[in-house]
There are 2 protein chains.
Amino acid sequence: MNDYVIYLTPALGVLGLVVMAFKSAWVSKQDDGDETMKELARHIADGAMAFLKAEWKVLSIFVVLTMIFLTYSGTITSINGKEIHSHWIISIAFLIGAVFSATAGYIGMKVATKANVRTTQAARSSLKQALKVSFTGGTVMGLGVAGLAVLGLGGLFIIFLSMFAGLGVHQIKTTIEVLTGFSLGAESIALFSRVGGGIYTKAADVGADLVGKVEAGIPEDDVRNPATIADNVGDNVGDVAGMGADLFGSYVATILATMVLGQEIVVKDAFGNMSPILLPMVICGLGIVFSIIGTMFVRIKDEKSNVQNALNIGNWMSMILTVAASYFVVQWLLPDGPLTSRASTFTKIDVFYSIVVGTIVGAIMSIVTEYFTAMGKKPVLSIVQQSSTGHATNIIGGLAVGMKSTVIPILTLGGGIMASYYFAGLYGVAIAAAGMMATTAMQLAIDAFGPIADNAGGIAEMSKLPPEVRERTDNLDAVGNTTAATGKGFAIASAALTSLALFAAFVGMAGIDRIDIYKANVLGGLFVGGMIPFIFSALCIQAVGKAAMEMVEEVRRQFREIPGIMEHTAEPEYEKCVAISTNASIKQMLLPGAIALNVPVLIGFVFGPEVLGGLLAGVTVSGVLMGIFQSNAGGAWDNAKKSFEKGVMINGEMYYKGSEPHKASVTGDTVGDPFKDTSGPSMNILIKLMSIVSLVIAPFIAGIGK
Amino acid sequence: MNDYVIYLTPALGVLGLVVMAFKSAWVSKQDDGDETMKELARHIADGAMAFLKAEWKVLSIFVVLTMIFLTYSGTITSINGKEIHSHWIISIAFLIGAVFSATAGYIGMKVATKANVRTTQAARSSLKQALKVSFTGGTVMGLGVAGLAVLGLGGLFIIFLSMFAGLGVHQIKTTIEVLTGFSLGAESIALFSRVGGGIYTKAADVGADLVGKVEAGIPEDDVRNPATIADNVGDNVGDVAGMGADLFGSYVATILATMVLGQEIVVKDAFGNMSPILLPMVICGLGIVFSIIGTMFVRIKDEKSNVQNALNIGNWMSMILTVAASYFVVQWLLPDGPLTSRASTFTKIDVFYSIVVGTIVGAIMSIVTEYFTAMGKKPVLSIVQQSSTGHATNIIGGLAVGMKSTVIPILTLGGGIMASYYFAGLYGVAIAAAGMMATTAMQLAIDAFGPIADNAGGIAEMSKLPPEVRERTDNLDAVGNTTAATGKGFAIASAALTSLALFAAFVGMAGIDRIDIYKANVLGGLFVGGMIPFIFSALCIQAVGKAAMEMVEEVRRQFREIPGIMEHTAEPEYEKCVAISTNASIKQMLLPGAIALNVPVLIGFVFGPEVLGGLLAGVTVSGVLMGIFQSNAGGAWDNAKKSFEKGVMINGEMYYKGSEPHKASVTGDTVGDPFKDTSGPSMNILIKLMSIVSLVIAPFIAGIGK
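Keep in mind the model is a prediction, meaning the values are calculated, not measured.

**A short note on the overall build of chain A**
Step number 1: Along the backbone of chain A there are 19 helices and six strands.
Step number 2: Against the compact-globule benchmark of 27 Å for 706 residues, chain A has a radius of gyration of 24 Å, which places it among compact chains.
Step number 3: Within chain A, contacts between residues at least 6 apart in sequence are counted, and of these 84% link residues at least 24 apart.
Step number 4: Here chain A displays about 22,100 Å² of accessible surface, and carbon together with sulfur accounts for 62% of that area.

Structure, rendered in structure tokens:
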């Protein structure tokens, strides 16, 4: 056996982390501006850390409880006479998954809250330098996530493999079963970061706007607003840590699901007969290298350069290189001759084709998302138009745009499933997802760049820097809005493909060979599953409302009880607002989180794996639809509102900020806020988490309900 | 063979129609008031007929095209070497289904447009008399629909059975296959009436309000508004004819689906070995009798009596009697000993239990719908509360209520599927639906009473009758709003159960024995199916917007070009507005209609029955969810707005019409209008129509995609 291959993956992870460390150090070395800027940045950084600490406190209770449960489950050797190949060490895998994901989030937040003010300072000299600082900040986040994920998964694989060497034929099965704990840990953090963070960011945003802009009449990002720091913290909590944890979870889960399906392929190869299992890890490891290369292409010449183009070139570069490299990896790793996975027989070149399919699906989903939410395109223009007849028609327009935006992504996804399955069976579906996720480091670098630029603009505004600085940060921020949209498209696509891969892996693990919705109870499961994204969305939306109300009360109290805030003679108590957002968001995410974690366990143990499979299919279909619908409706409303900033032509008349149509567009934007930043993205976590929980319990419910 | 049983069903249908004729004559005999009232009523009646005529014109083209296609398909005797048992006469069954449904709609509209003005006149003397007239009007509609459905289905069954007597073992199979044409015809009319009618009613409503109330500042139901007649016509088109055609379709389809599954049960009995096939027809026939008995209990003593209670008593009466009777029918018709349907074995008492399950599911769905949309209950109160912080929070509140309202209905539906299957297999699921639908005549009587009362109020307002008249019609109208909500719940439940029954029947007809969503292409079908309700809803919502805009233009034109309208010296051109609503609604429903009709054919012939089954499951789950979500959100917004009419207490302060929170609630109501009256109810048609089309093509695609 060519043992060195299994060390390749963690080694590539370490490489990513080393590059990350250099980049992080470079960011820290940059000038962080004058005293005001430093102080604002410190407030934001402190707030972000305060959120993380509060989150970790609740999280640690959750982690301990889950570890007890997993440790116990690891001692079970058979249920209903069926042998189970697990081990109590799954609880340690879970812990490491949670810690690694939390660490990645910590690194991302840390560098983002450093890069923001340094971007502002850099923007005093040039756009080129401002892009360099903000994008390098994003790169640190991307490499941190990808590096830790690959290191963790690859490292644990080596450790568990040698640990279970004595189990003979069950060695690999047990290793992979225990590795599902790592994925569960990672996705649990994503639940807290993405859902809790999503509630946080919108509660702070809405709370700050309602009292600040509407009641007190002060502009956005004004230091006199007690909630303004919480608002800026929210950008980091939701868009940096939340998005990072989301993709960390997808990344790990797709690799794992492909490994689960890979173990079903019986091969003779030079790599311990494990090549189908090793393939997704190696490709994702190499994806880190090509992401690093891709980031080198993200640079501009001068003030007039197109920032969006620079990002696009880097992105396409890393995607094309990864796909090209995976051709050679497939040729090298996989054996010649037919491979058989369940009913499908295919060759190694078919596996490559599946990877290509996955990459194309991801690209189309991103492009469609951008089209439906971009300023100047037909969907947003139609909402602008409908704002002229009032609040209601603006809302109707946005809802219709959101619903319509599901068509192409779903056809793409459906086509992608069929095509990748056609090439390489269920293994093909999973490796397609892995291929798409391989450039996660690059995707996240672009994603995290947005909120850093957004924060930089906020700091420029709050410290009253000259207009050309704000102009440069606005330029970056505008690009950041586009990348936020495409990033969301990528995140939904990744969640959908990940869930499908997990769904396929679940069926294998649960020892069933079909999920027949012609059976009444499986159909019942499908219905109930389809309903869960609706109640989950409703709970998230209401959570934002409740948390925002608490924030409103606090801001009103401070204006009332602290004299001199409005006259700049007293400083507001920023940290109290941060604390309220933090506590409210964590409290409000418990119920939806409990639904996501417990429903699969309940259904699985009462009705067995086939009904649970029906439930998962329902959750995934409905969750992807509701995710696309809500995210895109929200994004479109947002940009419809933004369109009024430069003025828009409706029926031959120009309308600007402050006009009646603009007011209607603000209503849409406010409705869209929880849609696009809380309930919409939380669908990703919901569908993945329920699938992973099902995968973890799969061996234990294998004999139930037959 | 006890031949008389097969004549029982059409005989009960005739009985229903005879009673209907008497009631209809009684309504016609009532006083229709003074000249103004007569003229207004004539305008509304003429407008309604104008809509029907325009609709029928387009419809006839559609019917002829479909008949050509069906006639051709009836000549095919085998595909891919598989025998097909159909006959060109299916096109005649289709034609009769369409004509019967259209006739039922015609009768309903005719009597509703007579009963409205007579109710107004009766309200001049007493509430008791007003209820009697309006409810008798509704009863005519209910008996017309149920009578024609049962007569048509039962009559054609006899004719086809004797026609195919020479086919030996294929006699029953061919008879039932040909009967699917009747169901397809009925549901096609429902597409035009419910979707086209839904677009019509909201386009007229929104158009009338936007120019009349907002721009010209005249009250609702003011004769000076050119669109006011169209608005009142809309109530009849959407709520009477649309709802009637919807339930006509459900009623026929559930009976038919139960017959399809009944034919799979091999029995020896005294009824030509057809008892499982005859059972649903007999129960639904008897349901007509008990509906007639139930209507006799709908009466009040004096002005202070509770109208809602009277309706409830009648409704419960007919439901309980029908369930009790079905116990004896099951005992009498079905043979003793075990019955076997596919994998399930059960006895006749189990079949009765399934019927009970169906009735309970229908009742729970109605109750939940009422809870989520009723004034004074928590969901609506929460929206009222959220109206105090503006338009956006009102919208967010309504969306969250709509999403949350899916939980109990879906759990009920899921539980109902499992329970009825547990008792009597797939036949149990279908007969549960038939049991629930048996009292359709009573349900429709209650449903149609609402818009008649609504119209009566409008006529009272337009003819400036004394306030006590308006008070009485308002009393009826308020009850009508509640029955509209419960009726919608019943319609969704019936559509869902009907689709499930059709789904089960489809699998049998298509010659497959499973729908395995673990297969990638079936899963792809599930995804695409789930998306269709989203695009269908978006198209319906946008259709309302476009049609309303055309209406706005026309009303503006009339105010501009016809001098004297505002001074009551010139009459507006009502019929032009009616024509605009009519044409726009029919034009706008073509694309969604084409999707519903063609997608199953396309998917079925390209990918085969299993993928089509996945598609149908996706459409049904997603369609039921979107139907409940949109209908209930719309209903809740409506009543949140209505709450302000009597004044509401928010945070210790009273708010009335004209206050800022009230304005926010008007926004929600306007968004909710297309939700609750167009896109929401259209989901019923979508899921049923796609299932019926699939059932009709099932024999032809049986061999594809294996």
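Moving on from the model shown.
**Re the environment of Lys-646 of chain A**
All names here are of chain A.
Step number 1: Take Lys-646: it is sitting in helix 18 (residues 609–646).
Step number 2: Look at Lys-646 and you get exposed, because its relative accessible area is 74%.
Step number 3: For the pair formed by Lys-646 and Lys-657, sequence separation is 11 residues and the distance between their alpha carbons is 8.2 Å.

**Regarding the confidence of the model for chain A**
Step number 1: For chain A, the average pLDDT comes to 90, and 100% of its residues sit at 70 or higher.
Step number 2: For this predicted complex, the interface confidence score (ipTM) comes to 0.93, while the overall pTM stands at 0.93.

**Digging into the relation of the copies chain B and chain A**
Step number 1: Between chain B and chain A, which share one sequence, the superposing operator has a rotation angle of 180° and an axial displacement of 0.0 Å; the RMSD is 0.0 Å. Such a combination of rotation and displacement between the chain copies is what one expects of a two-fold axis. Residues of chain B ranked by C-alpha distance from the rotation axis are headed by Asp-516 of chain B, positioned 2.2 Å from it.
Step number 2: Mapped onto chain A, 100% of the interface residues of chain B are again interface residues, and the two copies thus contact each other with one and the same surface.

**Section: the interface of chain B and chain A**
Accessible area lost during the coming together of the parts is what is often quoted as the interface size.
Step number 1: Taken together, the contact pairs 64 residues of chain B with 64 residues of chain A.
Step number 2: Of the roughly 5,800 Å² buried at the junction of chain B and chain A (both faces included), carbon and sulfur atoms supply 85%.
Step number 3: Three residues stand out in chain B for area buried against chain A, namely Met-403, Tyr-518 and Phe-527 of chain B, and they jointly supply 16% of the buried area on that side.
Step number 4: Viewed at the interface, chain A and chain B are joined by zero salt bridges.
Step number 5: Viewed at the interface, chain A and chain B are joined by eight residue pairs in polar contact (both at pLDDT 80 or more).
Step number 6: Elements with a contribution of two residues or more to the side of chain B that touches chain A: helix 11 (391–404), helix 12 (407–437), helix 14 (467–509), helix 15 (520–561), helix 18 (609–643) and helix 19 (660–701) of chain B.
Step number 7: For the side of chain B that touches chain A, the leading source of residues is helix 15 of chain B, giving 17 residues.
Step number 8: In terms of residue class, the side of chain B that touches chain A is built from 42 nonpolar, 17 polar and five charged.

**Brief notes about helix 3 (residues 90–123) of chain A**
Step number 1: Between its terminal C-alpha atoms helix 3 of chain A stretches 48 Å, which fits the 50 Å expected from 34 residues at 1.5 Å a residue.
Step number 2: For helix 3 of chain A, the buried fraction is high: 25 of the 34 residues fall into the buried class.

**Observations regarding a nonpolar patch on the surface**
Residue and element names in this part refer to chain A.
Step number 1: There is a patch of nonpolar side chains on the surface, built from Ile-61, Val-64, Leu-65 and Ile-68 and spanning about 400 Å² of accessible area.
Step number 2: Relative to the assigned elements, Val-64 resides in helix 2 (residues 35–74).
Step number 3: Accessibility expressed as a relative area gives 47% for Val-64, which makes it partly exposed.

**Section: the packing of aromatic side chains**
Step number 1: For the structure on display, the rule yields 36 aromatic pairs over all chains.
Step number 2: Look at Phe-534 of chain A and Phe-629 of chain B: their rings are 6.0 Å apart centre to centre, the planes differ by 65°, and that puts the pair in the edge-to-face class. Separated into two different chains, Phe-534 of chain A in helix 15 (residues 520–561) and Phe-629 of chain B in helix 18 make up a pair that spans both.
Step number 3: Their ring planes at 50° and their centres at 6.2 Å tell us that Phe-352 of chain B and Tyr-353 of chain B sit as a pair that is tilted.

**A closer look at the pattern of salt bridges**
Step number 1: Under the definition given, this model contains 64 salt bridges over all chains.
Step number 2: For Arg-470 of chain B, the salt bridge identified is with Glu-461 of chain B, shortest N-O distance 2.9 Å.
Step number 3: When salt bridges that share partners are traced, they join Lys-202, Asp-205, Lys-488, Asp-638, Lys-642, Asp-673, Lys-676 and Asp-677 of chain A into one network.

**Side note on unusual backbone geometry**
Where the residue is not glycine, phi is negative for most of them; where a peptide bond is considered, it is trans in most cases.
Step number 1: Backbone geometry at Asn-273 of chain A places phi at a positive 55°, although glycine is not the residue there.
Step number 2: Turning to its location among the elements, Asn-273 of chain A is positioned in the loop between helix 6 (228–262) and helix 7 (275–296).
Step number 3: One non-glycine residue, Lys-464 of chain B, lies in positive phi territory at about 50°.
Step number 4: In this fold, Lys-464 of chain B is placed in the loop between helix 13 (440–462) and helix 14.
Step number 5: Judged by relative accessible area, which is 64%, Lys-464 of chain B ranks as exposed.

**Quick word on the environment of Leu-127 of chain A**
Residues and elements named next belong to chain A.
Step number 1: Its place among the elements puts Leu-127 in helix 4 (residues 127–163).
Step number 2: Linking Leu-127 and Glu-471, residues 344 residues apart in sequence, is a C-alpha distance of 9.3 Å.
Step number 3: Beyond its immediate sequence surroundings of up to four residues, Leu-127 is in contact with Ile-300, Asp-302, Glu-303, Ser-305, Val-307, Arg-472, Asn-475 and Leu-476.

**Structural notes on helix 10 (residues 378–387) of chain A**
Residue and element names in this part refer to chain A.
Step number 1: For helix 10, the full list of buried residues reads Pro-379, Val-380, Ile-383, Val-384 and Ser-387. The buried residues of helix 10 occupy an angular sector of 140° when projected down its axis, which confines them to one face.
Step number 2: For helix 10, the elements touching its buried residues are helix 9 (348–373), helix 11 (391–404), helix 18, strand 5 (648–650) and helix 19 (660–701).

**Some words on the packing of helix 15 of chain A against helix 18 of chain A**
To characterise two packed helices, one gives the angle between the axes of the helices and the distance between these axes.
Residues and elements named next belong to chain A.
Step number 1: Here helix 15 crosses helix 18 at 35°, and the two axes come no closer than 6 Å. The element helix 15 and its partner helix 18 pack so that their crossing is right-handed. Residues Asn-521, Val-522, Gly-525, Leu-526, Val-528, Gly-529, Gly-530, Ile-532, Pro-533, Phe-534, Ser-537 and Ile-541 of helix 15 form the contact with helix 18, whose participating residues are Glu-610, Val-611, Gly-614, Leu-615, Ala-617, Gly-618, Val-619, Ser-622, Gly-623, Met-626 and Gln-630.
Step number 2: Classifying every residue of the contact of helix 15 with helix 18 by side-chain character gives 12 nonpolar, 10 polar and one charged.

**Concerning the nonpolar core**
Generally speaking, soluble globular proteins have nonpolar side chains that are buried together.
Step number 1: One finds Phe-157, Leu-279 and Val-351 of chain A together with Phe-157, Leu-279 and Val-351 of chain B to be the most contacted residues of the largest nonpolar core, which totals 404 residues.
Step number 2: Beyond its immediate chain neighbours, meaning those up to four positions away, Val-351 of chain B contacts Leu-279, Val-330, Leu-334, Leu-339, Phe-346, Ala-424, Tyr-427 and Ile-431 of chain B.

**Regarding the environment of Val-307 of chain A**
All names here are of chain A.
Step number 1: Positionally, Val-307 belongs in helix 8 (residues 307–333).
Step number 2: Spatially, the C-alpha atoms of Val-307 and Lys-128 are 9.0 Å apart, while their sequence positions differ by 179 residues.
Step number 3: The contacts of Val-307, once residues within four sequence positions are left out, are Leu-127, Leu-131, Ile-300, Phe-449, Asn-475, Leu-476 and Val-479.

**Points about the side chain of Thr-620 of chain A**
Step number 1: Examined against the element boundaries, Thr-620 of chain A turns out to sit in helix 18.
Step number 2: Residues contacting Thr-620 of chain A, with those up to four places away along its chain left out, are Ser-499 and Ile-687 of chain A together with Phe-527 of chain B.

**Focus on the packing of helix 4 (residues 127–163) of chain B against helix 7 (residues 275–295) of chain B**
Residues and elements named next belong to chain B.
Step number 1: Close contact between helix 4 and helix 7 brings their axes to 11 Å; oriented N to C, the two are set at 160°. Considering the angle they form, helix 4 stands roughly antiparallel to helix 7. Helix 4 and helix 7 meet at a crossing whose hand is left-handed. Residues Phe-135, Thr-139, Leu-143, Ala-146, Gly-147, Val-150, Gly-154 and Phe-157 of helix 4 lie in contact with helix 7, whose contacting residues are Ile-277, Leu-278, Met-281, Cys-284, Gly-285, Ile-288, Ile-292 and Thr-295.

Procedures and definitions
- Residues numbered from 1 in each chain as written.
- Chains lettered and ligands numbered in written order.
- Predicted model: local features only at pLDDT ≥ 70, side-chain atom pairs only at ≥ 80, totals over all residues.
- Heavy atoms only, no water.
- Helix = DSSP H or I, 4+ residues; strand = E, 2+ residues; numbered from the N terminus.
- Rg over C-alpha atoms; globule rule 2.2 N^0.38 Å.
- Contact = heavy atoms within 4.5 Å.
- Areas by Shrake-Rupley, 256 points an atom, 1.4 Å probe, with all protein chains shown as cover.
- Buried < 20%, exposed > 50% of the residue type's maximum accessible area, 1.4 Å probe, protein only.
- pLDDT = per-residue confidence, 0-100.
- Least-squares fit on C-alpha atoms with pLDDT ≥ 70 in both.
- Buried area = accessible area lost by both parts, 1.4 Å probe.
- Salt bridge = Lys/Arg side-chain N within 4 Å of Asp/Glu carboxyl O.
- Polar contact = N/O pair within 3.5 Å; in protein donor to acceptor, adjacent residues only side chain to side chain.
- Nonpolar A, V, L, I, M, F, W, Y, C, P; charged D, E, K, R; others polar.
- Expected span 1.5 Å × (residues − 1).
- Patch = residues over 30% accessible without salt bridge, like charges linked within 9 Å, V, L, I, M, F, W, Y side chains within 5 Å.
- Phe/Tyr/Trp six-rings, centres within 6.5 Å; stacked < 30°, edge-to-face > 60°.
- Arc of directions from axis to C-beta.
- Axes fitted to C-alpha atoms, helices over the stretch in contact; angles between N-to-C directions.
- Left-handed = near helix turned anticlockwise from the far one by under 90°.
- Core = buried A, V, L, I, M, F, W, Y, C linked by side-chain atoms within 4.5 Å.
- Parallel < 35°, antiparallel > 145°, perpendicular 65-115°, else oblique.

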